Structure formats: structure tokens, C-alpha cells
Amino acid sequence: MTISFPLTDKRTVDELLKHLNAHKLFYPGNCVITVNPLAAHVSSCLSYALGTARTAW
């Protein structure tokens, strides 16, 4: 499953990594992150954790 996380000045890649860590998603352990200037695309087989992290983002 792949979900996009929008990035802004306050929501940076570092903040996203902390947020994913809080939802038990660890890079490069159980998820893959592709970063673009406006969004980060996160792929993981842990779809429930990924969906919960996106909802809370």
C-alpha cells in the first residue's frame, strides 16, 4: 500500500519520520519513502498503521 503525505514548511521530512516512528513505521525497516518537493510517498505492507498515520498527519 502506498499513501501520500503532503509536505509544507512546518511538516517536513524530519517531522514525517518522527510521525511514522510513532505509528511503528520505521524507515528502512518496514516502509519505503520517496520524497518529492510537495509530498512524500510512503509504501508499506502494514496498511492499518499506514492508514492511521495518514489520518493523523
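Note that the structure is a prediction, hence the values are computed from the model and not measured. (Residues numbered from 1 in each chain as written. Predicted model: local features only at pLDDT ≥ 70, side-chain atom pairs only at ≥ 80, totals over all residues. Heavy atoms only, no water.)

This model, assessed by the stated rule, comprises one salt bridge. In this structure, K18 and E15 form a salt bridge, with 3.8 Å as the shortest nitrogen-oxygen distance. Of this pair, K18 and E15 both sit in helix α1 (residues 13-22), three residues apart, which is roughly one turn of that helix. For K18, a relative accessible area of 56% translates into the label exposed. (Salt bridge = Lys/Arg side-chain N within 4 Å of Asp/Glu carboxyl O. Helix = DSSP H or I, 4+ residues; strand = E, 2+ residues; numbered from the N terminus. Buried < 20%, exposed > 50% of the residue type's maximum accessible area, 1.4 Å probe, protein only.)

With antiparallel pairing, three strands are arranged side by side in an open sheet as β1-β3-β2. One side of each edge strand has no neighbouring strand; the edge strands of this open sheet are β1 (2-6) and β2 (32-35). The average angle at which neighbouring strand axes cross in this sheet is 25°, direction not considered. Note: β1 against strand β3 (residues 39-43), five bridges, orientation antiparallel. The residue bridging T2 from the neighbouring strand is S43, located in β3. In this fold helix α2 (residues 47-56) packs onto β1 and β3, with an angle of close to 20° to the strand it touches most, β1. (Pairing = 2+ DSSP bridges. Axes fitted to C-alpha atoms, helices over the stretch in contact; angles between N-to-C directions. Contact = heavy atoms within 4.5 Å.)

Worth remembering: the numbers are spatial, not functional.
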